[in-house]
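Structural overview for review
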Amino acid sequence: MEELKDVVQVITNHGLVNPIKQATHFTPDYGNKLDLQRSLPGYNWVLLDSCYLQRDRQPHHVSSWQKFFASLGVLHSLAVKKEKVILQENEMANSPWSRVYQFWPKPEDGTYYVEDYVSEEFHGLITAQNLTDNQKLHQSQTLLQLLEEEWDNRLSKYTNANVCGKDNNVLTNTHSSFAIYMTTLPWLPAIRNHIDTPVYLTGRDTYLRTDKLAELLANHVYYLMFSVSNQALIQHLKVKTIGDVNVKVILDHLRNWCTDEEEGEIAKRGNHFQTTLTHMFKVYAYLQQEGSPSQIQQFFESHPAVFVPECADPRRFPPKIDVPVNGKFFHKSEVFWHDPSDLFVKYAESAQTSRIQVPQRPQLQPFYYNHSDFFLGQTLNIEVKPKMTDYIALLLHVVDTITLPDHRLLQDVFKLYAVLGEKCLDTSSVNSGPYHQLQDVPKISQMYSRHLISIIEKENVFPTKSNKWVSLQDGIFFSDDKHLEKLYQDKEVNFLDIGESKVGVHRSKRPGQKQETKGYNENHWRVFLEVCGIPNVSDCVDQEFVTVSYKHCPDMQTFFHEIVPYIQLFLYNKHYAVYCRLKEDNMAALLKTMQFGQVAKLQVIYQLKNKENTPIQAEEDVVCGVNNKREFYIDKDYVDEIYNYPDVRREIKMMFGHGDTQCQQDINNFLRILVPFILGQTKESEEIFLDNQELGELDDEEVKWEVDKPAPPPTPPTPTVTTPPILFPQPVIMGK
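Since we're looking at a predicted model, the values are computed, not measured.

As a further point, take the overall build of the protein. The number of helices and strands found in the protein is 26 helices and 23 strands. For the protein, the C-alpha radius of gyration of 50 Å lies well beyond 27 Å, the compact-globule estimate for 736 residues. Based on the C-alpha atoms only, the size of the protein along its principal axes is roughly 225 × 55 × 45 Å. Intrachain contacts of the protein at a sequence separation of at least 6 include 69% that bridge at least 24 residues. A distance of 1 Å separates the average location of the 74 positive side-chain charges in the protein from that of its 96 negative side-chain charges.

Below, the structure is given as structure tokens:
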């Protein structure tokens, strides 16, 4: 039979051929499980004619013919033959070895002799052009299956070739043309997702899809369309697997996604991109777990690698995390974690056409709320909130959109005041301390305060009650005293309009209490006003009392003697911060020396100090008043109404309220309850009264506030009654 191989000819679809000289293949009639012409139509196969079987298609009959023709060289599958290829050096650039021949030893005569393994059929199949899309896809799948089935037992041994000299000595080893075409020609069908039209790529450009790999790369790489389990074949084809993925690979992909800059260049502008949030979660989590902090930090410093979905209002309408969304990559310096005011989102649309340049920096928290440790950790250290300058620009824009009076939108202005106030706090100054000490209140940073003032000092960002916007240079006051405000309302004095806030600038709280009932922290709001140097109008007014016919008023002193101990208990228990400030003012000593007088007439002259140092004067006649916490005057006609007269309560609340509006109001209400008790109208004991008002005892170290009871008027001396002597008439002695 060996002797016949070289000369025998068989009948094929191409006529008579010699199977050794021309690769000839079995058809399914001879038991070939693969119909080559139907399944692999990209090559004009030479097929053994079925005439030899005649009408006898019994399996044993077919098998005997199959064995016979197989012994003559007829094949079931791809033909790979050994062939000696002779190439001159100037021909190598157009050969399969064009990329590697320069690394070979150079032959003396300049001629390369390659003992190659050639598969004309394989090359013809993967380069076929005359196929429909469906034919090409089906052929690629069939060819891949054929390779996988025969790789280990047959085809893998045809991947190497020898490079020889003219005397047949082996100069080096290389890959065969069969192996080279398999890895360098784009014949592998690949898709990025299930709706993609297949493209044909080399193994180097293709990934073997697994769930883990898809989590990291999503639909941004091409996956081999059909599964392959033979690891040796996968390795030879150079198809990438999860084992080829490391931090550098992921960073390379992230670089390609986020910027068009080449590696090593500083990327300035991020790309638009479409992906799912789940994909980015997985990428960032992988980098955090597998990458070194310095490696990740360096990458994010030099690349705009933070993906932000395009979403008008992510808090109200967040994108679905498993649905692809359009977005853009930003540098970490261009984003922040969250805006507690929510005003950047609210005014995003109007800011686009504003004369004020409002930074539109994306916030991450609505999208990456479960990944704060990655973005806010030391590696990335994303800014938690927008910068002070960002908020100032937004404040200028918001003010620009408000036509006074519009108290609803003024709340947005006050919210920005509070945010800027918080920016001025030095949180590093906070430390722990006893409950009654204010050590947990952060100090105001002078550096941040000066920076804030330098920017807004000339800006008209303060609403007044005369419905205009003014700047700090115009001079503005906080109206902590409605009475003073009324006196000066027609004298062109700027009073800050706090709209519906109705808060006092010095309202106090115990440590640990929060005040955010209006959508912002009122304490931070007050810090802003303090930093801006907006004073209470009461702190800028000097009062001068003009009295007529002054004399001591024991009734007023008696009243203070009775109420002061209870006011001390009230402040100690209900307004401790105010109580502490009054202690600093040495209230106990002031009360000891306080004078009480009644007058025939009482007038107050007010001098309001302003920035121009030209005091604005106002005057009025009053019923009562307190002069510098040292003298309390009352009109003599109202002495009998001391206990219940509203003006008396007003002066007392102003005296003890220390500028805190809420405290003053609470003192006024307390006096309404206290007076009936003092007058004995409630019929309750002191213990029950204090218990009902939840007023505990003072600590032992507290100095009690007292006003001495007035001395009783001196008793007039008893008059001495002098009895005049009784004169008796001398008897007349009558003569004898």
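A regular strand carries its side chains on alternate faces of the sheet. Bridge count for strand β10 (residues 272–275) against strand β12 (residues 325–330) is four bridges, and the pairing is antiparallel. From the neighbouring strand, His-272 faces β12, where its bridge partner is Lys-328. As judged from the four bridges shared by strand β11 (residues 306–309) and β12, these two strands associate in the antiparallel manner. Across the sheet, the residue bridging to Val-308 is Lys-328, located in β12.

Judged by pairing direction, the sheet is mixed, and its four strands sit side by side in the order β18-β19-β23-β22 without closing on themselves. Single-partner strands in this sheet number two, and they are β18 (551–552) and β22 (624–627). Lying over the sheet, helix α24 (residues 646–657) contacts β22 and β23 (631–635), oriented at roughly 20 degrees with respect to β22.

This part covers a negative patch on the surface. Among the surface-exposed residues, Glu-697, Asp-699, Asp-700 and Glu-701 lie close enough to one another that they form a single negatively charged patch. Residue position: Asp-700 is located in the segment after α26 (686–692). Judged by relative accessible area, which is 79%, Asp-700 ranks as exposed.

What follows deals with the sheet that holds β11. If you trace the three strands from one edge of the open sheet to the other, you get β10-β12-β11, paired in antiparallel fashion. The open sheet has two edge strands, β10 and β11, and neither has a second partner. The mean angle between the axes of side-by-side strands here comes to 40 degrees, regardless of whether they run parallel or antiparallel. Sheet contacts for helix α10 (residues 277–290): β10, β11 and β12; angle to β11, the most-contacted strand, approximately 160 degrees.

Because each turn of an α-helix spans 3.6 residues, side chains separated by three or four positions end up pointing in the same direction. For helix α17 (residues 407–423), built from 17 residues, the straight-helix expectation of 24 Å at 1.5 Å per residue is met to within 8% by its first-to-last C-alpha distance of 24 Å. Most of α17 sits out of view: 13 of its 17 residues are buried.

This part takes up the confidence of the model for the protein. When pLDDT is averaged across the protein, the result is 88; 91% of the residues are at 70 or more. Highest mean pLDDT in the protein belongs to strand β8 (residues 199–201) (97); lowest belongs to helix α1 (residues 2–5) (77). Contacts of residues 726–736 to residues separated by more than four positions or lying in other chains number zero contacts, the stretch itself having pLDDT below 50.

Reading the values: the criteria
- Residues take numbers from 1 onward in each chain, read along the sequence in its written order.
- Note on the predicted model: pLDDT of at least 70 is required for a residue's local features to be given, and 80 or more for side-chain atom pairs to be given and counted; whole-chain, interface and lining totals, by contrast, use all residues.
- With hydrogens and water stripped out, all remaining heavy atoms of the structure feed into the side-chain values.
- Numbered from the N terminus, helices here are DSSP runs of H or I no shorter than four residues, and strands are runs of E no shorter than two.
- Here the radius of gyration uses the C-alpha set of atoms, whereas the globule reference equals 2.2 Å times the residue count to the power 0.38.
- Contact criterion: two residues are considered in contact whenever any of their non-hydrogen atoms come within 4.5 Å of each other.
- Positive charge is attributed to Lys and Arg, negative charge to Asp and Glu, and no charge count is given to His or to the chain ends.
- In this description, the location of a charge corresponds to atom NZ of lysine, CZ of arginine, CG of aspartate or CD of glutamate.
- By the convention used here, strands pair only if DSSP detects at least 2 bridges between them.
- Fitting a line to C-alpha atoms yields each axis, with helices limited to the stretch in contact; the angle taken between N-to-C directions then spans 0 to 180 degrees.
- Nonpolar side chains (Val, Leu, Ile, Met, Phe, Trp, Tyr) are joined into patches within 5 Å and like charges within 9 Å, using only residues with over 30% relative accessible area and no salt bridge.
- Residue-level accessible areas treat just the shown protein chains as cover; the underlying method is Shrake-Rupley with a 1.4 Å probe.
- Here a salt bridge means any side-chain nitrogen of Lys or Arg lying within 4 Å of a carboxyl oxygen belonging to Asp or Glu.
- Burial classes follow relative accessibility: with a 1.4 Å probe on protein chains only, a residue under 20% of its type's maximum area counts as buried, one over 50% as exposed, and anything between as partly exposed.
- Helix span is expected to be 1.5 Å times the residue number reduced by one.
- Predictor confidence is given residue by residue as pLDDT, running from a minimum of 0 to a maximum of 100.

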